Structures are given as C-alpha cells and as structure tokens.
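So you can see what is in the structure, the chains are spelled out below.
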Amino acid sequence: MYAERASRLDGAVVWTRTMPPPAPGPAAHPVLPDGCMDLLWTNGKLYVAGPDTQAHPAGETPAGANARYDGVRFAPGAAPAFLGVPAHELRDQRVDLAELWPAARVRALTGLVSGTADPAAALENAALRHAADAPPPDPALRAVARQLAAGRTVAATADAVGLGARQLHRRSLAAFGYGPKTLARILRLQRALALVRGGLPYAEAALAAGCADQAHLSREMRALAGTTLGAYVASANRETPQPSGSSTTA
C-alpha cells in the first residue's frame, strides 16, 4: 500500500509505503528512476535514497518485506543542498544518514521521528526545520529540472538558463547525480508512464511524452526500468493510489 501527499517543503512529497509479507504471484511494481532523492525512515533508522539510474525492487532495502517506509521525496536538484553531499556521490545507493551527518545530529533527528503515531509527518517537520538552516538549492538547476520535465531539449534548456554544455553537465552531476541527457530521458519516461496510467494508449503516450514512437518508449522502458510497459502497468494497477515514481522508496 502506497500513499503520498504534497509537502510543506517546497516541491517535496511526503509518502508512506507498507510492504506486505511475501506471497505467491507477481512482485510489487518496481521503483523507477525519477531524478529525485529521498530521506526515509524505516525500522527505527534514517536513510537516504540516492538518485537512481535503474529500477529497484520495492522493499529490497533496508527493511525488506512486511515493513513500513516513511519518506520525504525532494524535488529534483533540491536534496544535495539539504544533505550537504553532491548527488553523484549517492547515485544508485541507499545510505545510512549517520554516514553523511554528525552522529549527534542524526540522534536528535531520530528522537524527533521515533515513537510518533505519524512518522511521515514527524519526518517532514524535522526536514522543514533542517532546511531552514541549510543553503537553498541551486535555482538554475531547479530551472533545468523544470525545463526538462516540460519536454525541452538539453540544448534549449542550457540556453534558457544561460549555461554552457560543460558547465551544465558538471552542475547537473552535483544536483541530480547524472548529466542532463540522462535526466531528460528519465523525466520523459516518467511523463509517458503518467499518461499511460491515465489511460492513454502506449503509442499516443510515447508521442505525447516526446518519444519517436512506441518502440522508442519500449526501449527506454527496458533500459531504465528493466521491464516491459505491459508488465509495469499490470503491477502498478495492483497498487493504488499510484506512486508518482521515485527513486526513492526503498
């Protein structure tokens, strides 16, 4: 079971996911790359989910099945300033927050979340307090994420934010964990899947999202998600409400 809501933290999402015990039949649909990073709480510990380049099985780490996960999913490009760590250092990783922050700070944050009736809300409150003292995200890179999410090309995006190709690539690594071309592919796949989940046929969703055709979308699904469109949609339909996507959840 998955549920999410908009956070009071700018551009973020607060989510909760409960993994049932293992059962015969198809597995829960995978967590797909989405350009985001998450601060998550499970099994009494705080973790960071770095930016993904491949899909992850739901519930694979750190608590496994029959566990609850609560998280704050940051907007693309926002988490590195909050965490004080470049995104590319956490790419495709799930890291104990104690490896990134001083132990005393992690203990204090753990105390705020532990034992509450609503860990997701407590985690959001703690994130809001920390964000107030952290440097703001790079506004140019937030603009890059918005441009690419809207379907702009990398070249047009670079022109719009006034960055050269090399500078855009370097700053994208720090903000998103990968270069702008990879981010553009990930966000295009997310656009297409959102349209498919809304009922649009695969071919129409592919074109509307910016793919050349349905075959192009199918190749991207294989490359970035490791599955087919049909298999993903079938598994996603078993879990409602639908996640917006995330590299995030465990």
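Further up the page is the structure itself.
It should be emphasised that the depicted structure is a prediction, and the values quoted were computed from it without experimental measurement. (Residues numbered from 1 in each chain as written. Predicted model: local features only at pLDDT ≥ 70, side-chain atom pairs only at ≥ 80, totals over all residues. Heavy atoms only, no water.)

Regarding the nonpolar core
Reasoning step 1: Among the nonpolar cores identified, the biggest contains 32 residues, and F176, L193, L217, M221 and Y232 are the most heavily contacted of them.
Reasoning step 2: Among the elements of the structure, α4 (139–149), α6 (165–176), α7 (180–197), α8 (202–209), α9 (214–225) and α10 (229–236) are those that each provide at least two residues to this core.
Reasoning step 3: If we ignore the near neighbours within four places in the chain, the residues touching M221 are L32, L189, L193, G226, T227, T228, L229 and Y232. (Core = buried A, V, L, I, M, F, W, Y, C linked by side-chain atoms within 4.5 Å. Buried < 20%, exposed > 50% of the residue type's maximum accessible area, 1.4 Å probe, protein only. Helix = DSSP H or I, 4+ residues; strand = E, 2+ residues; numbered from the N terminus. Contact = heavy atoms within 4.5 Å.)

Notes on the pattern of salt bridges
Pairing between side chains of opposite charge can happen when their charged atoms approach one another.
Reasoning step 1: Counting across every chain of the model gives twelve salt bridges.
Reasoning step 2: By sharing partners, the salt bridges in this structure join E4, D34, D38 and R73 into a single network. (Salt bridge = Lys/Arg side-chain N within 4 Å of Asp/Glu carboxyl O.)

Digging into the environment of T157
Reasoning step 1: When you line up the elements, T157 lands in helix α5 (residues 154–161).
Reasoning step 2: According to the relative accessible area criterion, T157 is buried, its value standing at 1%.
Reasoning step 3: Each C-alpha atom of the pair T157 and A143 lies 8.5 Å from the other, and the pair is 14 residues apart in sequence.
Reasoning step 4: Excluding its chain neighbours within four sequence positions, the residues that come into contact with T157 are V144, Q147, L148 and R152.
Reasoning step 5: A polar side-chain atom of T157 sits 2.8 Å from the main-chain carbonyl oxygen of T153. (Polar contact = N/O pair within 3.5 Å; in protein donor to acceptor, adjacent residues only side chain to side chain.)

Here's the deal with the pairing of strand β1 (residues 2–6)
Reasoning step 1: Here five bridges tie β1 to strand β2 (residues 13–18), and the two strands are oriented antiparallel to one another. Following the sheet pairing, R5 is matched in β2 by V14.
Reasoning step 2: Between the antiparallel neighbours β1 and β2 lie six residues, among them G11 with a positive phi of about 80°. (Pairing = 2+ DSSP bridges.)

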